[in-house]
Amino acid sequence: MPLILAVSATGLMALIVMQLIWMRHSWQLSEQIFSQRVSMALCSSIESYQDGTWCAGDKCTIRNKTQGLGMKEAAILPVNMVDKPEFRSVLDKSLMFYQIDLNYVLNLSAEKKCGPDSYQTTVFLPELGGKEAYLGISFPDKQKFLLGGMNLMVLTSALILVFITVVLLFVNWALVKQRRLLKTNVDFFNNMAHEFRTPLSNIRLAVSMLVRKNEGLKDNPLVEVVRLENTRLLEEVERVLHLAKTESGDYALEKEVIDLKGLLQSALKSLTLVVADRGATITLEEIPEDLQVSGDRQHLCNVFRNLLDNALKYTRELPLIRIFARPEAQGVVIVIQDNGIGIPLAQREMIFEKFQRVHQGNQHDRKGFGLGLAYVKNMIELHKGSVRVLSEENRGSRFEVYLPTV
Ligand code: ADP
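Calculation rules
Residues numbered from 1 in each chain as written. Predicted model: local features only at pLDDT ≥ 70, side-chain atom pairs only at ≥ 80, totals over all residues. Heavy atoms only, no water. Helix = DSSP H or I, 4+ residues; strand = E, 2+ residues; numbered from the N terminus. Buried < 20%, exposed > 50% of the residue type's maximum accessible area, 1.4 Å probe, protein only. Contact = heavy atoms within 4.5 Å. Areas by Shrake-Rupley, 256 points an atom, 1.4 Å probe, with all protein chains shown as cover. Core = buried A, V, L, I, M, F, W, Y, C linked by side-chain atoms within 4.5 Å. Near = heavy atom within 4 Å. Polar contact = N/O pair within 3.5 Å; in protein donor to acceptor, adjacent residues only side chain to side chain. Lys, Arg positive; Asp, Glu negative; His and termini not counted. Salt bridge = Lys/Arg side-chain N within 4 Å of Asp/Glu carboxyl O. 1 Å grid on protein atoms, 1.4 Å probe; cavity = no way out; pocket = protein on both sides within 12 Å on 5 of 7 lines; lining within 4 Å. Points joined across faces, edges and corners; volume = space filled by probe spheres on them. Nonpolar A, V, L, I, M, F, W, Y, C, P; charged D, E, K, R; others polar. Phe/Tyr/Trp six-rings, centres within 6.5 Å; stacked < 30°, edge-to-face > 60°. Patch = residues over 30% accessible without salt bridge, like charges linked within 9 Å, V, L, I, M, F, W, Y side chains within 5 Å.

It is worth spelling out the overall build of the protein at this point. Along the backbone of the protein there are 8 helices and 10 strands. Every one of the 406 residues in the protein was classed for burial, and the buried ones make up 38%. In the protein, once contacts between residues fewer than 6 apart in sequence are set aside, the share between residues at least 24 apart is 70%. When the accessible surface of the protein is split by element, carbon and sulfur atoms take 59% of a total near 24,100 Å².

Set out below in structure tokens:
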């Protein structure tokens, strides 16, 4: 979560910096355009005021007398030209033509003066013996004028930035809220599972005592239903609690060296009743006796039991299940292959996440909470192994579990 916040804050900062750079760039562009317009207005007014004038043009650049149009075409201007109303009226018109509707200050000086808001052009004054002089114009309100032209851009940029900031803040807030909600739900679920364990164990104990005291109840189908459903619920509760423990990191495996063949056989044995009930055929193919893994017997047995249980559960016809093992570099791959309904490609990764089940329309005959494979993945990873699934829809699935051998 802090990562998402940091990434979005960095993105926002980058956006603001980019926006500022663009604004600065367009400010410089506006200044350049303004400067060109002023130069053109100044030149054209001098030219129209007195024929044969040449103009130095650019802001604060002075042409050498020998450059440009040459001395004979230089402007012969009176020294008091800046105060002449005729010149001012020509200049006003020219400025208006170039869309510069601003107050200005004119001055004539013998020195070149450069400033951000002043523009100069070279003129020749007979009074000064044909010497160069500089006709300058400055605009006290230039900044305001240019800013006015950029108003729309600044406003839209600010609005877009505010909008993006609000959206990002909202998304982050929603994420934090969702996360908190998820945590609350998971905590509630875990607490509930914890609270269910004791009554479910008590029910199991009570049923066994009842059957022991009353021999006649041993083959009673109703008692069998209670026993089966109780076992199913207890298993789910145990899965929730194991998952919660592995996720919180508060988990210690009771490791021992386990014979793989014996492990698979005991997983199979625990499903004898279900296998018979489903009319399934399960073949445990030849597995070398010396294939041994180091792990928690109880949990590894649960892992294969879960995979086999799924293979039995997600099959429409009579289940045909193959179990075999293939030695690999420093380990072994245990394969459980069924002829079941298969898993659509898009959902193959997601089934290993908690509470995820393949959507099966309105079919509710295959019960489950979507916890079995999450438990399998967690457990196998705790044993430094991996699990993957290959599947073809309506043809079957093949779960491959890799475990390091000893
Ligand atoms: P549950 O079986 O309780 O729903 P799991 O985590 O064991 O939970 O399985 C998740 C989902 O993966 C199942 O709901 C099912 O849709 C799909 N699935 C698991 N194993 C198989 C399989 N052998 N064949 C087809 N689909 C399977």
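Still more ground to cover, so stick around.
Turning to helix α8 (residues 372–382), a few remarks are in order. Those residues of α8 that fall on the buried side of the exposure criterion are G372, L373, A374, Y375, V376, M379 and I380. Against α4 (221–248), α7 (297–313), β9 (386–392) and β10 (396–404) lie the buried residues of α8. Looking one or two residues past α8, K384 carries a phi angle of roughly 60 degrees, positive in sign.

With 51 residues, the main nonpolar core has L260, F304 and L307 as its most contacted residues. Here this core gets 8 residues from one element, more than from any other, and that element is α7. Grouped together as the second largest cluster of nonpolar side chains are 24 residues, W27, L95, L146 and M150 included.

This part covers the site of the ligand. The local shell around the ligand holds 21 residues, among which N310, Y314, D338, R357 and L373 are the closest. Between the ligand and F369 there is a distance of 3.2 Å, counted from an oxygen atom to a backbone nitrogen or oxygen. Starting from 530 Å² of accessible surface for the ligand in isolation, the protein chains cover 99%. Mapped by element, the contributors of at least two residues to the shell around the ligand are α7, α8 and β10. With 3 residues, the single largest contributor to the shell around the ligand is α7.

Attention shifts here to the side chain of D296. Along the chain, D296 turns up in strand β6 (residues 292–296). Buried charged residue D296 carries no salt bridge. Nearest counter-charge: R297, at 7.8 Å. For D296, the side chain forms a polar contact with the main-chain nitrogen of E254, separated by 2.9 Å. In this view, D296 contacts L253, E254, K255, I258 and H383; residues no more than four positions away in its chain are not counted.

Attention shifts here to the layout of surface pockets. By volume, the second largest pocket is sized at about 350 Å³. Lining of the second largest pocket is provided by 16 residues; of these, L234, E235, E238, Q298 and N302 occupy positions nearest its centre. Breaking the lining of the second largest pocket down by element, the ones donating at least two residues are α3 (142–213), α4 and α7. The residue inventory of the lining of the second largest pocket, partitioned by class, reads 3 nonpolar, 7 polar and 6 charged.

Our focus in this paragraph is the packing of aromatic side chains. Between two aromatic rings, the relevant description is the distance of the centres plus the angle of the planes. Within this structure, the stated rule accounts for 8 aromatic pairs. Measuring from ring centre to ring centre gives 5.3 Å for F34 and F139, while their planes differ by 80 degrees; the resulting arrangement is edge-to-face. A residue pair is termed long-range when its members are at least 10 positions apart, and F34 in helix α1 (residues 2–49) and F139 in the loop between β3 (131–138) and α3 qualify at 105 residues. Taking 5.8 Å as the distance between ring centres and 35 degrees as the angle between the ring planes, the aromatic pair formed by F170 and W173 counts as tilted.

Side chains of I4, F163, V167, F170, V171, W173 and L175 sit close together on the surface and give an oily, nonpolar patch of about 670 Å² of accessible area. Residue contributions to the nonpolar patch peak at 6 residues, all from α3. Tracing the backbone shows I4 in helix α1.

Counted by the stated rule, this structure contains 1 cavity of 30 Å³ or more. Space inside the largest cavity adds up to approximately 40 Å³. Surrounding the largest cavity, F189, N190, V240, L243, A244, K354, F355 and L371 form its lining. For the lining of the largest cavity, the elements supplying multiple residues, two or more each, are α3 and α4. With 3 residues, the top contributor of residues to the lining of the largest cavity is α4. Tallied by class, the residues present in the lining of the largest cavity amount to 6 nonpolar, 1 polar and 1 charged.

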